[in-house]
Amino acid sequence: MPNLYNPYDNVLKVVDHAASLLGYPEKDYAFLKYPERELKVSMPVVMDDGSIRIFEGFRIQHSTVRGPAKGGVRFHPGVNHDEVKALAAWMTFKCAVVNIPYGGGKGGIICDPNELSEREKHSLTSKYIAQIAPLIGPEQDVPAPDVGTNARVMAWMMDAYSMLKGHSVLSCVTGKPIGLGGILGRSEATGRGVMFTVNNLLAKQGLDRTQASVAIQGMGNVGSVTAKLVHEEGMCVVAVSDVSGGIYDPAGLDIPAILAYLRENPKNLLKDFTAPNIQHISNAELLELDVTVLIPAALENQINADNAARIRAKYIVEAANGPTTLEADDILHERGIMLVPDILANAGGVVVSYFEWVQNIQELCWTEERVNGELKTIMDTAFEAVWSIAHEKNTTLRTGAYLIAVKRVTEAKLGRGIF
Ligand code: NAD
């Protein structure tokens, strides 16, 4: 059956709902439904076997109303125009909900990074930056890592942009290695923000962290750090997964051992991980486990109309972008399952990216302690604001987050006026 799910439709519906609750006439917020700029690019790459392959990609700026567009670049075979549009829009609302002076953008290349050699990936990355160079820059649009990209890829992006400009421009991308203008704590920032969010949620519900069980889908940058940190906070991580499937131990997994296994070789997959008492389960089974907190940290559309009625977690914290469809949202809400939305829960990455950009522009360097402390302040403040408005207006936390974000972006636009 063809996959008819379009994440951008989700964006439009949520924005309409928030705007109607805010009492905005369509003319005041219609701009939010249209990305400001969209660029489709193609990149020929000489492959290691001498053949030439053409890759396609995108960079989309959803909004620059509150500041430069900000958002990651995804390397994944499933990248497509509507997905990048939705991811760009989510960045606009994410930056607004945590109140950092950015708009939203996103990029992607249709490729499987695991099938490319380092040289091929480097060449593809440099060409992509050359193609999107007219759109990006420290004051226009600042890319960052996302699924399939990491600090190494960001270093290549910074190098390619700098070569085009004729001088080093550290502030043109974030998520760079520490020795190249990167910030201490960035690689852990998204997962750390998720951990703060889980702590805030459990505290609001009067639950003891050490009694909480957690299942995490996805053990990449976000999922693995989340697993490490919630484990360190005393929670019992009973299941984790990656693209190959999941592992489950109701008594709690040995998270440090799993992280060491995944670190050993980036190609290591959980399907090959062995330890006493663990059961191998599918991603679908992981999502339906009876746990306190379910943390989807992989891709979009994981909790949908097909499985929402079978979700047994008491709470869902969206570490991934768009893991839950709106149909599923309604089903979960009716079933009393509380969900903390992506634009709040996974904002830690963009917050620390913002710190990195500020540092690069000011040519200074914060300690990791300061980075983590400032991140906590911003995440706690945003959580409190979303929690309060959702309770005041008797809405879900997702609607609460969008009430704050849509209001901030719309007021900024109305304040600027129509050019
Ligand atoms: P990553 O590439 O480092 O990891 C992705 C993980 O998901 C891997 O473990 C992979 O095996 C797994 N995965 C891939 N396809 C899957 C599938 N079909 N089923 C189950 N698991 C699958 O990516 P990441 O940076 O950790 O990003 C994960 C999510 O978090 C994405 O939605 C991303 O947009 C979002 N996010 C990332 C950041 C960041 O700072 N990296 C910030 C905010 C949000």
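Above: the structure in question.
Residues numbered from 1 in each chain as written. Predicted model: local features only at pLDDT ≥ 70, side-chain atom pairs only at ≥ 80, totals over all residues. Heavy atoms only, no water.

A. Expanded view of the sheet that holds strand E9 (residues 279-281). Taken together, 7 strands build an open sheet; the order of strands is E9-E8-E7-E6-E10-E11-E12 and the sheet is mixed. This sheet does not close on itself; its edge strands, each paired only once, are E9 and strand E12 (338-340). Here the average twist between neighbouring strands, direction ignored, is 20 degrees. As paired elements, strand E10 (residues 293-296) and strand E11 (residues 315-317) share 2 bridges and run parallel to each other. Across the sheet, residue Leu294 finds its bridge partner in E11, namely Ile316. (Pairing = 2+ DSSP bridges. Helix = DSSP H or I, 4+ residues; strand = E, 2+ residues; numbered from the N terminus. Axes fitted to C-alpha atoms, helices over the stretch in contact; angles between N-to-C directions.)

B. The arrangement of the site of the ligand in detail. Near the ligand lie 22 residues; those nearest to it are Asp146, Thr190, Asn221, Val243 and Asn321. Note that an oxygen atom of the ligand is positioned 2.8 Å from one of the side-chain N or O atoms of Thr190. Asn221 places a polar main-chain atom, nitrogen or oxygen, 2.9 Å from an oxygen atom of the ligand. If the ligand stood free it would expose 820 Å²; the protein chains cover 84% of that surface. Elements with a contribution of two residues or more to the shell around the ligand: helix H6 (186-204) and helix H7 (221-232). Taken together, the residues of the shell around the ligand sort by class into 9 nonpolar, 9 polar and 4 charged. (Near = heavy atom within 4 Å. Polar contact = N/O pair within 3.5 Å; in protein donor to acceptor, adjacent residues only side chain to side chain. Areas by Shrake-Rupley, 256 points an atom, 1.4 Å probe, with all protein chains shown as cover. Nonpolar A, V, L, I, M, F, W, Y, C, P; charged D, E, K, R; others polar.)

C. Just the sheet that holds strand E4 (residues 104-110), in detail. What the 5 strands build is an open sheet, ordered E1-E2-E4-E3-E5; its pairing is mixed. Looking at strand neighbours, the two that pair on one side only are strand E1 (37-46) and strand E5 (141-145), the edges of this open sheet. Across this sheet, the average inter-strand angle for adjacent strands is 20 degrees, counted without regard to direction. One ladder, built from 4 bridges, connects strand E3 (residues 69-76) with E4; its direction is parallel. Its bridge partner lying in E4, Arg74 is registered against Gly108.

D. Region of interest: the pattern of salt bridges. The final tally for this structure, using the stated rule, is 26 salt bridges. Between Glu318 and Arg398 there is a salt bridge, and its shortest N-O distance comes to 3.0 Å. With a gap of 80 residues between them, Glu318 in the loop between E11 and helix H10 (326-334) and Arg398 in helix H14 (residues 397-416) connect regions that are remote in the sequence. One exposure class covers both Glu318 and Arg398, and it is buried. Overlapping salt bridges bring together Arg74, Glu83, Lys106, Asp146 and Glu300 as one network. (Salt bridge = Lys/Arg side-chain N within 4 Å of Asp/Glu carboxyl O. Buried < 20%, exposed > 50% of the residue type's maximum accessible area, 1.4 Å probe, protein only.)

E. Examining the nonpolar core more closely. Phe93, Ile216, Val240, Ile258, Ile295, Val317 and Phe355 are the most contacted members of the largest nonpolar core, which totals 90 residues. If one sorts the elements of this core by residue count, helix H13 (residues 368-393) sits on top with 10 residues. If near-sequence neighbours (up to four positions away) are discounted, Phe93 is found in contact with Val11, Val15, Leu32, His62, Ile343, Tyr402, Ala405 and Val406. Core analysis: the next-biggest nonpolar cluster, separate from the first, contains 26 residues, Met43, Val45, Val73 and Trp156 among them. (Core = buried A, V, L, I, M, F, W, Y, C linked by side-chain atoms within 4.5 Å. Contact = heavy atoms within 4.5 Å.)

F. Local environment of helix H4 (residues 118-132). With 15 residues, H4 extends 21 Å between its outermost C-alpha atoms, agreeing within 8% with the 21 Å of an ideal straight helix rising 1.5 Å per residue. Every buried residue of H4 is listed here: Glu120, Lys121, Ser123, Leu124, Thr125, Tyr128, Ile129 and Ile132. At its buried positions, H4 is contacted by E1, strand E2 (52-63), E3, E4 and helix H5 (151-165). (Expected span 1.5 Å × (residues − 1).)

G. Main features of empty space enclosed by the protein. The final tally for this structure, using the stated rule, is 1 cavity of 30 Å³ or more. Forming the walls of the largest cavity are Asn10, Val14, Trp90, Gly322, Thr324, Leu326, Asp342, Arg398 and Tyr402. The set of elements that each furnish at least two residues to the lining of the largest cavity consists of helix H1 (7-22) and H14. (1 Å grid on protein atoms, 1.4 Å probe; cavity = no way out; pocket = protein on both sides within 12 Å on 5 of 7 lines; lining within 4 Å. Points joined across faces, edges and corners; volume = space filled by probe spheres on them.)

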